[in-house]
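Here is how the chains run, residue by residue.
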Amino acid sequence: MIHAKMPSPPREGILRLLQIPNFSDKLVLSQRRTDVMAKRITRIVLTGGPAAGKTTLTSRILKEFKQDDGWRVITIPETATELMAGFGIRPFGGCVSMLEFQYLVIADQLHKEQLALRAAAMVPEENVLILYDRAVFDDKAYVSDDEFRAVLASFGKTEEEILAGYDAVLHLVSCAKGAEFAYNFGNAVRYESVEGAREMDDKTIRAWSAHPNLHIIDNSVDFEDKMTRGLRAVYECLGEKAPE
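The notes below deal with the structure included here. (Residues numbered from 1 in each chain as written. Predicted model: local features only at pLDDT ≥ 70, side-chain atom pairs only at ≥ 80, totals over all residues. Heavy atoms only, no water.)

1. Let's talk about the side chain of Thr47
One can find Thr47 in strand 1 (residues 40-47). Of the residues examined, Thr47 reaches a relative accessible area of 0% and is grouped as buried. Side chain to side chain, Thr47 and Asp138 meet in a polar contact 2.4 Å long. Residues contacting Thr47, with those up to four places away along its chain left out, are Lys54, Arg134, Asp138, Val169, Leu170, His171, Leu172, Thr204 and Trp208. (Helix = DSSP H or I, 4+ residues; strand = E, 2+ residues; numbered from the N terminus. Buried < 20%, exposed > 50% of the residue type's maximum accessible area, 1.4 Å probe, protein only. Polar contact = N/O pair within 3.5 Å; in protein donor to acceptor, adjacent residues only side chain to side chain. Contact = heavy atoms within 4.5 Å.)

Rendered as structure tokens:
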């Protein structure tokens with residue numbers, strides 16, 4: 001967390017590199033409007049603290065909503081992990097500050113989200129589910145509220161606009177809260193203690209708290225029950241009855 005004096009944003013040249021084409025609102029440039037309107041595109045964020053079960057739930061959703069049944073599931077991988085593991089850009093160790101890192105993360109997230117919407121409009125299936133492995137508001141947990149709003153503003157966005165871009169948010173509570181025996185210290189590219197994982201889980205819930213369709217899926221029973229509740233929440237978001 002950075003609560004001290006607000007540092008200067010990245011240089012103008014960096015911001016120019018981060019600019020991305022804006023076609024998300026219209027979904028796709030080449031599709032006819034009637035084709036887009038005929039589709040049912042549902043956008044669900046899977047979020048939560050470290051070791052929460054997001055990867056497992058994503059796998060279950062992919063098995064549940066098959067192309068043979070008329071579904072197309074588009075998955076957007078977690079951006080921060082890609083930047084750290086693939087590009088070596090880390091918000092510690094003197095590489096970049098946490099705030100500078102969020103500029104990079106959000107630029108990539110916005111770009112991928114636009115591409116996902118474009119793909120959703122282009123694929124032949126009429127029922128499309130877009131799954132986000134974390135999304136823009138997850139970044140709010142790592143900086144102050146003012147800093148987060150400033151980063152969004154640099155891309156011409158507001159918090160209200162970003163939240164409106166997701167139909168539902170499923171927060172899977174970290175195993176560090178209520179299932180400590182299963183906690184495996186989270187992502188391989190960033191270590192977080194049990195205490196640190198609990199703190200980040202709380203901050204992530206707070207970050208998403210303004211979304212009107214937030215589902216919190218805790219560790220009150222066992223992991224299999226947690227995944228079942230997660231799938232039921234997806235069906236609820238789609239307005240369909242979950243199979244028995």
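Resuming the write-up.
2. Quick look at the sheet that holds strand 3 (residues 127-133)
Backbone-to-backbone hydrogen bonds join strands into a sheet, with any given pair of strands oriented parallel or antiparallel. Taking strand neighbours across the sheet as the criterion, the 5 strands line up as 2-3-1-4-5 in an open arrangement whose pairing is parallel. Strands with a single pairing partner mark the edges of an open sheet, and in this sheet they are strand 2 (71-76) and strand 5 (214-217). Across this sheet, the average inter-strand angle for adjacent strands is 20°, counted without regard to direction. On the sheet, helix 3 (residues 54-64) packs against strand 1, strand 2, strand 3 and strand 4 (168-172) and is oriented at approximately 155° with respect to strand 1. On the sheet, helix 5 (residues 98-122) packs against strand 1, strand 2 and strand 3 and is oriented at approximately 170° with respect to strand 2. (Pairing = 2+ DSSP bridges. Axes fitted to C-alpha atoms, helices over the stretch in contact; angles between N-to-C directions.)

3. What to know about the pairing of strand 3
Of all 7 residues in strand 3, 5 are buried; the element is thus mostly enclosed. The pairing of strand 1 with strand 3 spans 7 bridges and is classified as parallel. Considered in strand 3, the bridge of Ile44 is made with Leu131. With 6 bridges connecting them, strand 2 and strand 3 associate as parallel partners. Note that in strand 3 the partner of Val73 across the bridge is Leu129.

4. Digging into unusual backbone geometry
If you check the backbone angles, Arg134 has positive phi at about 65° while not being a glycine. Mapped onto the elements, Arg134 comes out in the loop between strand 3 and helix 6 (145-154).

5. Regarding helix 8 (residues 194-208)
With 15 residues, helix 8 should cover 21 Å at 1.5 Å per step; its first-to-last C-alpha distance of 21 Å lies within 8% of that length. Turning to helix 8, its buried residues are Val194, Ala197, Met200, Asp201, Thr204, Ile205, Ala207 and Trp208. Across the axial projection of helix 8, the buried residues extend over an arc of 155°, all falling on one side. Against the buried residues of helix 8 lie strand 1, helix 7 (159-164), strand 4 and strand 5. (Expected span 1.5 Å × (residues − 1). Arc of directions from axis to C-beta.)

6. Details of the environment of Asp139
Looking at the secondary structure, you find Asp139 in the loop between strand 3 and helix 6. For Asp139, a relative accessible area of 6% corresponds to the buried category. If near-sequence neighbours (up to four positions away) are discounted, Asp139 is found in contact with Gln102, Val105, Ile106, Gln109 and Phe148.

7. Some words on the packing of aromatic side chains
Using the criterion set out here, one finds 6 aromatic pairs in the structure. Note on Phe65 and Trp71: the rings are 5.0 Å apart at their centroids and 70° apart in plane angle, and the pair reads as edge-to-face. Plain terms: the ring middles of Tyr166 and Trp208 are 5.5 Å apart, the flat faces sit at 65° to each other, and that makes the pair edge-to-face. Taken together, the positions of Tyr166 in the loop between helix 7 and strand 4 and Trp208 in helix 8 put the pair 42 residues apart, joining distant regions of the chain. One exposure class covers both Tyr166 and Trp208, and it is buried. (Phe/Tyr/Trp six-rings, centres within 6.5 Å; stacked < 30°, edge-to-face > 60°.)

8. Details of the nonpolar core
Core analysis: the biggest nonpolar cluster contains 37 residues, and Ile106, Ile130, Val136, Tyr166 and Trp208 have the highest contact counts within it. Ala52, Ile61, Leu131 and Met227 belong to the second-largest nonpolar core, a separate cluster that totals 20 residues. (Core = buried A, V, L, I, M, F, W, Y, C linked by side-chain atoms within 4.5 Å.)

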